[in-house]
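# Summary of the model geometry
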Amino acid sequence: MEKRTKRHATLKESLFAILSFAVIVAVGYLGFGMRVEPLMCLAAVVAGIIAWRCGYTWAEMEDGMCKKVYQAAPAMFIIWATGMVIAAMMFSGSIPMVIYYGLKIMNPQYLYLCTFLVCCVMSVITGTSWGSAGTVGLAMMGVALGLGLDATITAAAVISGSIFGDKLSPLSETTNLAPLCAGCGLYEHIGSMLYTTVPSAVIAGIVYFIAGRGIETQEGLPEEAVNMLASLDSIYEWNVLLLLPFLLILSSALLKFPPVPTLLASVIISLILGATVQDFDLVAGIASIIKGFTIETFYTADVAGQVITLLNRGGMSSMSSVIIILFCGYTFIGIVSSTGMLRVAVKPLMNHINGRVSLIFATLMTDLIVLLCAGSSYPPHIVAGEMFRKKFIDQGIELKVLSRSMEDIGTMIAPLVPWGSSGAFYAATLGVAAWGTGGYALWAVNTWINPIIAMICAITGFGIFKMSKEKQAEELKKYEKLNAEAVEVEI
């Protein structure tokens, strides 16, 4: 076979591939309610045809897809482990106990605010938004269900609180990745993020407080909550030992243990507690961490439908849809990134940078474009860090502003992308879609208001740190050294 000539995709070809993805997913998912997986695969076909026109072979495109899936493997491990933890904690009674006592002590008017604050604290300590949402966040969803409160607002409060810690915690993967890609220190990065993250969190807290104050309270608990308490009390034995899985996750985070082994250890402890404290069948419990916990397997008496809905969840199989979305998404991002189309598509933004405001706006928009295409926080950080580091140095702006800008979109907006890993995870775990009727996106205030505050900072200069002439020269020298062996390709 004659060897084909390879060339870079043109700007029109690159933009067509990116816009095709946006149109196909938007029309199919939002317009017709189709599943996102086949839509992303169709977009990958379009990108593949363009790549083939540019001379790329199927083997090269396949290699690009495989590399992207490999990069997503750590996130997949955490997703599988979180599914196992949820089922194991239902088996042990750990999550039901938090729901039980939450129903007893929680004032409905403060549930949304308390949910937000509890998830903030949990995620800061553990460094994982998914782990926080899948444990205490899920428990707060159960409390809301029992009190007859809005599941959409509760889910949004869970996500807003969980993503707050995922952004600020020194144990978070994205918090470590962003400064690494930008070229600044971890704690410099965290300090810089306070300028956008704290104001957005305060606004979110006020919104949840006001939303809760609109709830009409009544004497005693509603009938649904009373029935739920009675059912949980008949199913489980309450014991302070049931808090051990939560304590293990918290203490392991403080000791900086890796998240996956920590989650698996909490699964083991939960299984032991379920077999000893609850006297549930251990073999069935082990099976439940794979296929999901079902209360009918362990308790034969009649259980209210809302309790079944609350308890029957978790397991590795429940996360299969999230993993499939990841695979489908990376078929597209693997093609457009490995063939250079993504870089070509965002490069025109670079030509319109003439000051602080346009630089930060271009950084945010590039992060958003890559996030929408990739469905994960990691590629936006990598691409934006590589593209804009030199621009920030040239304008004498500290690189911690670059790393902060990357997280203001890449981390914060990720839960709002339904075909991405975060959006798919929250929808599967909390049972609330991101968009559409009853979607959590509008109420997840902390996510979408963060980029707005980032632009306000850019316009006003608040939190925009300037380099000294000496540091600017030092950073430029460091940048040139890092790129001394790189071959600049004109595209």
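Heads up: these notes are all about the structure in this document.

Together, Y110, L194, V198, V202, I206, F209 and I210 make up an exposed nonpolar region whose accessible area comes to about 590 Å². For Y110, the location among the structural elements is in the loop between α4 (94–105) and α5 (111–126).

Turning our attention to the pattern of salt bridges. The tally for this structure, following the rule as stated, stands at 7 salt bridges. In this structure, D394 engages K390 in a salt bridge whose closest nitrogen and oxygen atoms are separated by 3.0 Å. Note that D394 and K390 are positioned in helix α18 (residues 378–394) at a spacing of 4 residues, about one turn of the helix. Classification of K390 by relative accessible area gives partly exposed; the value is 28%. Of the charged contacts in the structure, one is a salt bridge between E398 and K471, with a shortest N-O distance of 2.8 Å. Taken together, the residues span a long stretch of sequence, with E398 in the loop between α18 and α19 (399–410) and K471 in helix α22 (residues 469–482) at a distance of 73 residues. Judged by its relative accessible area of 23%, K471 falls in the partly exposed class. Ionic contacts of the salt-bridge type, sharing partners, join the residues R7, E13 and R53 into one network.

If you walk through the whole model with that rule in mind, you get 15 aromatic pairs. Taken together, a centroid distance of 6.5 Å and an interplanar angle of 65 degrees make the contact between Y101 and W238 edge-to-face. Placement of the pair is Y101 in helix α4 and W238 in the loop between α10 (223–235) and α11 (244–254), with a sequence separation of 137 residues. For Y101, a relative accessible area of 40% corresponds to the partly exposed category. Arranged with centres 5.2 Å apart and planes meeting at 5 degrees, the rings of F293 and F298 form a pair that is stacked. Note on F293: relative accessible area 1%, which makes it buried. A relative accessible area of 15% places F298 in the buried class. Taking NZ or CZ as reference, K400 lies 4.2 Å from the ring centre of F465, over its face.

Over its 28 residues, helix α9 (residues 186–213) extends 39 Å from the first C-alpha to the last, a length consistent with the 40 Å expected when each residue adds 1.5 Å. Along α9, the helix axis deviates most sharply at L194, where the bend reaches about 45 degrees.

Within the largest apolar cluster, 161 residues are counted, with the highest numbers of intra-cluster contacts made by L311 and F388. The greatest single-element share of this core, amounting to 15 residues, is contributed by helix α3 (residues 58–92).

Following both chains from N to C, one finds helix α6 (residues 129–147) and α10 inclined at 125 degrees, their axes separated by 6 Å at the closest point. Regarding the angle of α6 to α10, the classification is oblique. Residue-level contacts link G142, L145, G146 and L147 of α6 to E224, A225 and M228 of α10. Of the residues assigned to the contact of α6 with α10, the class counts are 4 nonpolar, 2 polar and 1 charged.

Scoring rules and cut-offs
Residues numbered from 1 in each chain as written. Predicted model: local features only at pLDDT ≥ 70, side-chain atom pairs only at ≥ 80, totals over all residues. Heavy atoms only, no water. Patch = residues over 30% accessible without salt bridge, like charges linked within 9 Å, V, L, I, M, F, W, Y side chains within 5 Å. Areas by Shrake-Rupley, 256 points an atom, 1.4 Å probe, with all protein chains shown as cover. Salt bridge = Lys/Arg side-chain N within 4 Å of Asp/Glu carboxyl O. Helix = DSSP H or I, 4+ residues; strand = E, 2+ residues; numbered from the N terminus. Buried < 20%, exposed > 50% of the residue type's maximum accessible area, 1.4 Å probe, protein only. Phe/Tyr/Trp six-rings, centres within 6.5 Å; stacked < 30°, edge-to-face > 60°. Lys NZ or Arg CZ within 6 Å of the ring centre and 35° of its normal. Expected span 1.5 Å × (residues − 1). Bend = angle between axes of the 7 residues up to and from the residue. Core = buried A, V, L, I, M, F, W, Y, C linked by side-chain atoms within 4.5 Å. Axes fitted to C-alpha atoms, helices over the stretch in contact; angles between N-to-C directions. Parallel < 35°, antiparallel > 145°, perpendicular 65-115°, else oblique. Contact = heavy atoms within 4.5 Å. Nonpolar A, V, L, I, M, F, W, Y, C, P; charged D, E, K, R; others polar.

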